[in-house]
Amino acid sequence: MDAITLRELRNDTAAILNAVEWGRSFAITRDGVEIAEIRQPASRRRPTPAELVERHKRLPRIDYAAMRAEADEFFGEDRLGDDDPWERSRHQHDVNVSE
């Protein structure tokens, strides 16, 4: 937790509250004595990048072939014309590299 003076809090309130919103905590001091803390409530705290990575690791794996087959079954295979923007094999070779 970082320590800041009461004057710093008064002069830089918006910047300090932005930092608090992103998870930082501050000890407020007056005459070198800690008088208060400013931090997010536990219900509002944003996850840290490390916590987000851990959450991502626990997500279920996606079977893209099954997902595409399900979409084709639901929407029909002929839903797009020859200019399918998501078809990579056709568009990878259309780019002129010499330009």
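Below is a short write-up of the structure. (Residues numbered from 1 in each chain as written. Predicted model: local features only at pLDDT ≥ 70, side-chain atom pairs only at ≥ 80, totals over all residues. Heavy atoms only, no water.)

## Let's talk about the overall build of the protein
So, step 1. Counting secondary structure elements, the protein contains five helices and three strands.
So, step 2. Along the chain direction, N to C, the helices and strands of the protein fall in the order β-α-α-β-β-α-α-α.
So, step 3. Counting all 99 residues of the protein, 13% fall into the buried class.
So, step 4. Restricting to contacts in the protein with at least 6 residues of sequence separation, those with at least 24 account for 23%.
So, step 5. Approximately 9000 Å² of the protein is accessible, and the part contributed by carbon and sulfur atoms is 53%. (Helix = DSSP H or I, 4+ residues; strand = E, 2+ residues; numbered from the N terminus. Buried < 20%, exposed > 50% of the residue type's maximum accessible area, 1.4 Å probe, protein only. Contact = heavy atoms within 4.5 Å. Areas by Shrake-Rupley, 256 points an atom, 1.4 Å probe, with all protein chains shown as cover.)

## So, the pattern of salt bridges
So, step 1. One pass over the full model with this rule turns up four salt bridges.
So, step 2. Asp72 is the partner of Arg68 in a salt bridge, and the nearest nitrogen-oxygen pair spans 3.3 Å. Of this pair, Arg68 and Asp72 are both found in helix 4 (residues 64-75), four residues apart, which corresponds to roughly one turn of the helix. (Salt bridge = Lys/Arg side-chain N within 4 Å of Asp/Glu carboxyl O.)

## Quick notes on a nonpolar patch on the surface
So, step 1. Side chains of Leu6, Val33 and Ile35 sit close together on the surface and give an oily, nonpolar patch of about 240 Å² of accessible area.
So, step 2. On the secondary structure map, Val33 appears in strand 3 (residues 33-38). (Patch = residues over 30% accessible without salt bridge, like charges linked within 9 Å, V, L, I, M, F, W, Y side chains within 5 Å.)

## Things to note about the nonpolar core
So, step 1. The biggest cluster of nonpolar side chains holds seven residues, and these are Ile4, Ile16, Ala19, Val20, Phe26, Ile28 and Ile38.
So, step 2. Those elements that provide at least two residues to this core are helix 2 (13-21) and strand 2 (26-30).
So, step 3. Element by element, the count of residues in this core is highest for helix 2, at three residues.
So, step 4. Beyond its immediate stretch of four places on either side in the chain, Ile28 contacts Ile4, Leu6, Leu9, Val33, Glu34, Ile35, Ala36 and Ile38. (Core = buried A, V, L, I, M, F, W, Y, C linked by side-chain atoms within 4.5 Å.)

## Some points on the packing of aromatic side chains
So, step 1. What the rule picks out here adds up to one aromatic pair.
So, step 2. Seen from their ring centres, Phe74 and Phe75 are 4.8 Å apart, and the 90 degrees between their planes marks the pair as edge-to-face.
So, step 3. On the accessibility criterion, Phe75 (54% relative accessible area) is exposed. (Phe/Tyr/Trp six-rings, centres within 6.5 Å; stacked < 30°, edge-to-face > 60°.)

## Re unusual backbone geometry
With the exception of glycine, the majority of residues adopt a negative phi angle, and the majority of peptide bonds are in the trans configuration.
So, step 1. Positive phi is not limited to glycine here, since Asp31 has a value of about 55 degrees.
So, step 2. Assignment of secondary structure puts Asp31 in the loop between strand 2 and strand 3.

## Some details on the side chain of Thr29
So, step 1. You can see Thr29 is positioned in strand 2.
So, step 2. Apart from residues no more than four positions distant in its own chain, Thr29 is found in contact with Ala3, Ile4, Thr5, Leu6, Glu34 and Ile35.

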